[in-house]
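# Observations on the three-dimensional arrangement
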Amino acid sequence: MTGITYEDFIDLDYEPADDELVCDFRVTPASDMDMESAGSRVASESSNGTWAELQVEGSITDLSATCFDIQGDRIRVAYPDALFEHGNMPQVLSCIAGNILGMKAVERIRLLDCDWPEPLTSSFPGPQYGTSVRSELLDAADRPITATVPKPKVGLSTDQHVQVAYEAWTGGIDLLKDDENLTDQSFNRYEDRLYQSLERRDEAEEETGERKSYLVNVTGTGDQMLERVQMAADAGCEFVMVDVVTAGWAAVQQVRELTEEEGLAIHAHRAMHAAFDRVPDHGVSMRALAQVARLCGVDHIHTGTADLGKLENEDTAGINEWLASDLHGLKDVLPMASGGLHPGLVPELVDRIGTNIGIQAGGGVHGHPDGTHAGAKALRQSIDAAVAGIDIEEYADTHPELRTALDKWGTETPR
Ligand SMILES: O=C(O)[C@@](O)(COP(=O)(O)O)[C@H](O)[C@H](O)COP(=O)(O)O
Ligand SMILES: [Mg+2]
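Attention in this report is confined to the structure presented alongside it.

Criteria and cut-off values
- Residue indices begin from 1 for each chain and proceed along its sequence in written order.
- Starting at A for chains and at 1 for ligands, labels are handed out in the order in which the entities are written.
- Totals for whole chains, interfaces and linings use every residue, but because this is a predicted model, local features are given only for residues with pLDDT of at least 70 and side-chain atom pairs only at 80 or more, for both listing and counting.
- In computing side-chain values, all of the structure's heavy atoms are included and hydrogens and water are not.
- Strands pair, by our definition, only if DSSP identifies at least two bridges between them.
- Numbering of helices and strands starts at the N terminus; helices are DSSP runs of H or I of at least 4 residues and strands are runs of E of at least 2.
- It only takes one pair of heavy atoms within 4.5 Å for two residues to be counted as in contact.
- Helix axes use the C-alpha atoms of the stretch in contact, all axes being lines fitted to C-alpha atoms, and the angles between their N-to-C directions lie in the range 0 to 180 degrees.
- Definition of nearness: a residue and a molecule or strand are near each other if at least one heavy atom of the residue lies within 4 Å of the molecule or strand.
- Throughout this description, a polar contact denotes any pair of N or O atoms lying within 3.5 Å of each other; where both atoms belong to protein, one of them has to be capable of donating a hydrogen while the other can accept it, and for residues adjacent in sequence the pair is counted only when both atoms sit in side chains.
- Using the Shrake-Rupley algorithm and a 1.4 Å probe, accessible areas are obtained, with residue cover drawn only from the displayed protein chains.
- Note on definitions: the grid is 1 Å and covers protein atoms alone; a cavity is a set of points where a 1.4 Å probe fits but cannot get out; a pocket is an open set with protein on both sides within 12 Å along at least five of seven lines; lining residues have an atom within 4 Å of a point.
- Think of it this way: if more than half of a molecule's atoms are within 2 Å of a pocket's grid points, that molecule is in the pocket or cavity.
- Amino acids are sorted into nonpolar (Ala, Val, Leu, Ile, Met, Phe, Trp, Tyr, Cys and Pro), charged (Asp, Glu, Lys and Arg) and polar (every other residue, Gly among them).
- For every residue, the accessible area obtained with a 1.4 Å probe (protein chains only) is divided by the maximum for its type, and the residue is called buried under 20%, exposed over 50%, and partly exposed between those limits.

Looking now at the sheet that holds strand 2 (residues 21-29). Judged by pairing direction, the sheet is mixed, and its five strands sit side by side in the order 4-5-2-6-12 without closing on themselves. The open sheet has two edge strands with one neighbour each: strand 4 (66-71) and strand 12 (283-284). Two elements, strand 4 and strand 5 (residues 74-79), share five bridges in a ladder whose sense is antiparallel. Within strand 5, the position partnered with D69 by the bridge is R76. Helix 11 (residues 286-296) contacts strand 6 (106-115) and strand 12 of the sheet and is inclined by roughly 45° relative to strand 6.

Here it is in structure tokens:
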């Protein structure tokens, strides 16, 4: 038997093994603690230690994490592969983002980043499509895909929702998108909305010659979500949307299994992410949440507007770069820029984060002075100008819908 204490979870000469998960944390120790004491407690409480000295069988320490690096307010912790149940994201998060976020030993702690090893990573499916949705499911291989949420976010009847969708699709939008809080309320039932929207979608495809689809929100209880995914597949839809943070990663993993069978792509909305990532020195970073989402298999995820829109963003460009990076063969993820976007912001947005993205505009389409159809055309025109490298003002001279949008919103960030 061996006695283990917090001090056994820190070794600044330790070299992590290739199959270990390495996590970076920003730590503000409690006033009576130094970084080493805090680091040892983080490694201990996020693996298999606790506050009291324990007498254990030697092999149990094989599951113990090690704080192996301290730089300023950053610590790095290595987790043995055997600590984790492969393929079980809630279990992984219960380790690396569990009780440690509430320990008195630290005043603040934030999970910043993870270095995912091959064995653990390969136990997750990753995305089915990733950015290849642009050419496999849509006709947007050489430009950002466009999406729009009918606004007001909820309250439209199914008829109104479907009419707005048709006007947006025929105006050049690729994807209709439900809002994060629209599911199966009495004023706009899921099943009616799904089938009637897809009927108009077919008409819009006929009319435009472009493939169109629908990010239908399947968020609900576990069983409801599977039923709604199955209904979306049966109705001929190519995508589903999930509020991944509020639904939870277990639900995302279940949905991913069914979408694999049905060949559907998953759009991840991140509503509630700010509860985890907004306070810069505490919580879980959006970068870490995006990493979890990629492993669990979403094809798109909202990552912000590089500070151009109405919502706070954390490092959109850095997160997008990671989503496009090689990760032991897992597919990439398409970043979705959304939140206060309108045509006037598109040139700067594309400058900052490129064209391998999705652009969602709700107010920026339906708030157009001439209505949804003109708003959709204006958004598409702004993207065509940005992709062609033509100055947007010059392009607006020959595109009246864009002209009207610029006259209304200019290049301002809404507040
Ligand atoms: O409800 C909204 O605010 C939106 O539909 C945008 O509407 P607008 O286009 O009308 O602004 C999206 O949910 C946010 O963009 C989500 O934030 P994020 O993308 O940062 O996760
Ligand atoms: Mg929304």
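Taken together, the neighbourhood of ligand 1 is formed by 17 residues, with K153, R270, K310, S338 and G340 sitting nearest. Between ligand 1 and the protein, one listed contact pairs an oxygen atom with a side-chain N or O atom of E180 at 2.9 Å. Here H269 contributes a side-chain N or O atom positioned 2.8 Å from an oxygen atom of ligand 1. Isolated, ligand 1 exposes 490 Å² of accessible area, and the fraction of that covered by the protein chains is 92%. Because more than half of its atoms lie within 2 Å of the grid, ligand 1 is assigned to the largest pocket. Grouping the amino acids of the shell around ligand 1 by side-chain chemistry returns three nonpolar, eight polar and six charged.

On to helix 2 (residues 89-96), then. Within helix 2, six of the eight residues are buried, leaving the element largely enclosed by the surrounding structure. For helix 2, the set of buried residues is M89, Q91, V92, L93, C95 and I96. Among the structural elements, strand 2, strand 5, strand 6, helix 3 (118-121), helix 9 (249-262) and helix 11 are those in contact with the buried residues of helix 2. Sitting at the head of helix 2, N88 places a side-chain oxygen 3.0 Å from the backbone nitrogen of Q91.

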